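Structural features, examined
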Amino acid sequence: MKETEPAASCPVARGVKACLKRNRELSVVLLIAVLGFFGRAWEGDLHGDPVHYAAIAKNILSTGDWLTMHDAPDLIYAKKPPLMFWLVAANFRLFGVSTFAAKFWSCFFAVGVCAMVFLIGRRLFGATAGLLGGCIVAATPGMIMNSIDLRLDSAVSLAVAATVYAVVRAVQDERPRWLLLAGLAGGLGFMTKMAPGV
């Protein structure tokens, strides 16, 4: 009797694993960034603006209105664009209201910034420079303090870094289609914090 083969793993997981195996330096940057930003994300409480942002995300769920942000049921909030509030509200709906659910996207975007800095550095100066740049960003106190809480800065930083990477690729590869990524990243940055995101 013929033995059955084990079920094939997810193609996405295989692709990520193969990519990380080929890019050891990127793997190091991602490991340091994930440990640095997510390592203590579930600890502590929110203070200041992050409390306000989490309350707006909770109000999305309580009102059911995903298009108009509310400070309170009858008080409209229009100071910041909605992208981060939507993401946090989605986390609250999927995982329940918690400090980690509120902080997740800031940490996730910070890891993305480290990866983008690595890719930019590798593209312009080589893998060692990319590794050094990504690790420095992951270890910078200001980046850590602004990313392990519910803040908009890491999302804006990722939008800017992705825009720079896309422009570098467009110029070096002589492929203007990379400018579409630059426009998308700038748009997402605008949807996070308006003018600073562009």
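Residues numbered from 1 in each chain as written. Predicted model: local features only at pLDDT ≥ 70, side-chain atom pairs only at ≥ 80, totals over all residues. Heavy atoms only, no water.

So, on to the overall build of the protein. A tally of regular secondary structure across the protein gives nine helices and two strands. Starting at the N terminus and walking to the C terminus, you meet the elements of the protein as α-α-α-β-β-α-α-α-α-α-α. Summarising its shape, the C-alpha atoms of the protein cover approximately 60 × 55 × 35 Å along the three principal directions. Here the protein, with 198 residues, has 39% of them falling under the buried criterion. Within the protein, counting contacts between residues at least 6 apart in sequence, those at least 24 apart form 67% of the total. Entry remark: accessible area of the protein is about 11500 Å², with carbon and sulfur atoms responsible for 67%. Side-chain charges of the protein comprise 19 positive and 13 negative groups, with the mean position of each set lying 8 Å from the other. (Helix = DSSP H or I, 4+ residues; strand = E, 2+ residues; numbered from the N terminus. Buried < 20%, exposed > 50% of the residue type's maximum accessible area, 1.4 Å probe, protein only. Contact = heavy atoms within 4.5 Å. Areas by Shrake-Rupley, 256 points an atom, 1.4 Å probe, with all protein chains shown as cover. Lys, Arg positive; Asp, Glu negative; His and termini not counted. Charge placed at Lys NZ, Arg CZ, Asp CG, Glu CD.)

With that out of the way, let us pick up the pattern of salt bridges. Inspection of every chain in the model, using the stated rule, returns three salt bridges. Put simply, Asp-173 and Arg-123 hold a salt bridge, and the shortest N to O gap is 2.2 Å. Of the two residues, Asp-173 is situated in helix H8 (residues 153-173) and Arg-123 in helix H5 (residues 99-125); the sequence distance between them amounts to 50 residues. We note a salt bridge from Arg-169 to Asp-173, for which the minimum N-O separation is 2.8 Å. Placement of the pair is Arg-169 and Asp-173 together in helix H8, with a separation of four residues, close to one helical turn. Since its relative accessible area comes to 25%, Asp-173 is described here as partly exposed. Taken together, the shared-partner salt bridges in this structure form one network comprising Arg-123, Arg-169 and Asp-173. (Salt bridge = Lys/Arg side-chain N within 4 Å of Asp/Glu carboxyl O.)

All right, on to the environment of Ile-136 then. Within the secondary structure, Ile-136 is located in helix H6 (residues 127-139). C-alpha of Ile-136 to C-alpha of Cys-114: the two residues are 22 residues apart in sequence and 8.5 Å apart in space.

Let's shift gears to the side chain of Lys-103. Tracing the backbone through its elements, the reader meets Lys-103 in helix H5. No salt bridge is formed by the buried Lys-103, whose closest oppositely charged neighbour, Asp-149, lies at an N-O distance of 4.9 Å.

Core analysis: the largest hydrophobic core is formed by 51 residues, its most contacted members being Phe-37, Met-84 and Leu-150. Looking at this core, the elements with two or more residues in it are helix H2 (24-38), helix H3 (49-63), helix H4 (83-95), H5, H6, H8 and helix H9 (178-193). Considering each element in turn, this core owes the most residues, 14 residues, to H5. The contacts of Leu-150, once residues within four sequence positions are left out, are Leu-46, Pro-50, Tyr-53, Ala-54, Met-84, Val-88, Ala-102, Lys-103 and Ser-106. (Core = buried A, V, L, I, M, F, W, Y, C linked by side-chain atoms within 4.5 Å.)

Next up on the list: H2. Look at H2: 21 Å from first C-alpha to last across 15 residues, which is about the 21 Å you get at 1.5 Å a residue. Those residues of H2 that sit buried are Leu-26, Val-29, Ala-33, Phe-37 and Phe-38. One face of H2 carries all of its buried residues, which in axial projection span an arc of 120°. Away from its buried face by more than 90 degrees, H2 exposes Arg-24, Leu-31 and Leu-35. Turning to H2, the residues buried within the fold contact H5, H6 and helix H7 (141-147). (Expected span 1.5 Å × (residues − 1). Arc of directions from axis to C-beta.)

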